[in-house]
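This is what each chain is made of:
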Amino acid sequence: MRSVRKFAAAAIAVAAAGLVVGAPQASAEIGARVVIEGGGLSNGFGTGCAYTVAATANSGAGMDFYDNGVWFAATEGSSSPKTHTARWVPATPGTHTLLITQNGDAKTIVLTVGTGINAGSSCLVI
């Protein structure tokens, strides 16, 4: 079961990283990498299931995270660039646009969310 979760998390991270390639290019602050990790045992992302959104930074400023224009998390700045993480739990099925901002710079990822069945350590998406 643990290897299935690790494989699923890795597959989601690779898929999410691939989605970033098609995202609009940001100017300076947010690094080239935004990854979404966690949960899914099957086809993608599910409602009610928790995922970690991780974004690299090129500056020490904090980041804000939005889902379809609704703010869901913020991270604090630091004395040097770091990877910022936020917990994302999609509430509705359908298309979700995640927006990560830092000092006026932004990255977006467009994802499809299905109906999730949260099984605690995993998520079944139907």
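Quick note: structure is the one above.
Every value quoted in this text rests on a predicted model; they were computed, and no experiment measured them.

Cut-offs and rules
- Residues numbered from 1 in each chain as written.
- Predicted model: local features only at pLDDT ≥ 70, side-chain atom pairs only at ≥ 80, totals over all residues.
- Heavy atoms only, no water.
- Helix = DSSP H or I, 4+ residues; strand = E, 2+ residues; numbered from the N terminus.
- Buried < 20%, exposed > 50% of the residue type's maximum accessible area, 1.4 Å probe, protein only.
- Contact = heavy atoms within 4.5 Å.
- Patch = residues over 30% accessible without salt bridge, like charges linked within 9 Å, V, L, I, M, F, W, Y side chains within 5 Å.
- Areas by Shrake-Rupley, 256 points an atom, 1.4 Å probe, with all protein chains shown as cover.
- Salt bridge = Lys/Arg side-chain N within 4 Å of Asp/Glu carboxyl O.
- Pairing = 2+ DSSP bridges.
- Lys, Arg positive; Asp, Glu negative; His and termini not counted.
- Polar contact = N/O pair within 3.5 Å; in protein donor to acceptor, adjacent residues only side chain to side chain.
- Phe/Tyr/Trp six-rings, centres within 6.5 Å; stacked < 30°, edge-to-face > 60°.

### Concerning the environment of A119
And step 1. Mapped onto the elements of the fold, A119 is located in the loop between β9 (116–118) and β10 (123–125).
And step 2. According to the relative accessible area criterion, A119 is exposed, its value standing at 54%.
And step 3. Measuring from C-alpha to C-alpha, the distance between A119 and C49 comes to 8.6 Å, with 70 residues separating the pair along the chain.

### Structural notes on the side chain of H96
And step 1. Within the element layout of this structure, H96 appears in strand β7 (residues 94–102).
And step 2. Setting aside anything within four residues of it in sequence, one finds H96 in contact with D67, N68, W88, P90, I109, V110, L111 and V113.

### A word on a nonpolar patch on the surface
And step 1. Together, I117, L124 and I126 make up an exposed nonpolar region whose accessible area comes to about 280 Å².
And step 2. Assessed through its relative accessible area of 39%, L124 is described here as partly exposed.

### Topic: the pairing of strand β5 (residues 70–74)
In summary, the side chains of a regular strand alternate between the two faces of the sheet.
And step 1. Two elements, strand β4 (residues 64–67) and β5, share four bridges in a ladder whose sense is antiparallel. What sits directly across from Y66, in β5, is W71.
And step 2. In sequence, β4 turns back onto β5 through a hairpin of two residues, with N68 there showing a positive phi of about 50°.

### Some words on the sheet that holds strand β8 (residues 105–114)
Sheet strands pair by backbone hydrogen bonding; their relative direction is either parallel or antiparallel.
And step 1. Taken together, the five strands give an open sheet; going across it, the order is β2-β8-β7-β4-β5, and neighbouring strands pair in mixed fashion. Each edge of the sheet is formed by a strand with only one pairing partner; in this case those strands are β2 (45–46) and β5.
And step 2. Sheet topology note: the β4/β7 ladder contains four bridges and is antiparallel. Counterpart to Y66 in the pairing with β7 is L99.

### Points about the side chain of D67
And step 1. Mapped onto the elements of the fold, D67 is located in strand β4.
And step 2. No salt bridge is formed by the buried D67. Its closest oppositely charged neighbour is R87, at 12 Å.
And step 3. Side chain to side chain, D67 and H96 meet in a polar contact 2.8 Å long.
And step 4. Every residue in contact with D67, bar those within four places of it in the chain, is listed here: F72, W88, P90, H96, T97 and L98.

### So, the packing of aromatic side chains
And step 1. For the structure on display, the rule yields four aromatic pairs.
And step 2. Between F65 and F72, the aromatic rings sit 6.1 Å apart at their centres with planes inclined by 55°, giving tilted as the arrangement.
And step 3. Residue classification places F65 among the buried positions, given a relative accessible area of 0%.
And step 4. An aromatic cluster is defined as three or more aromatic residues linked by ring pairs; in this entry it consists of F45, Y51 and W88.

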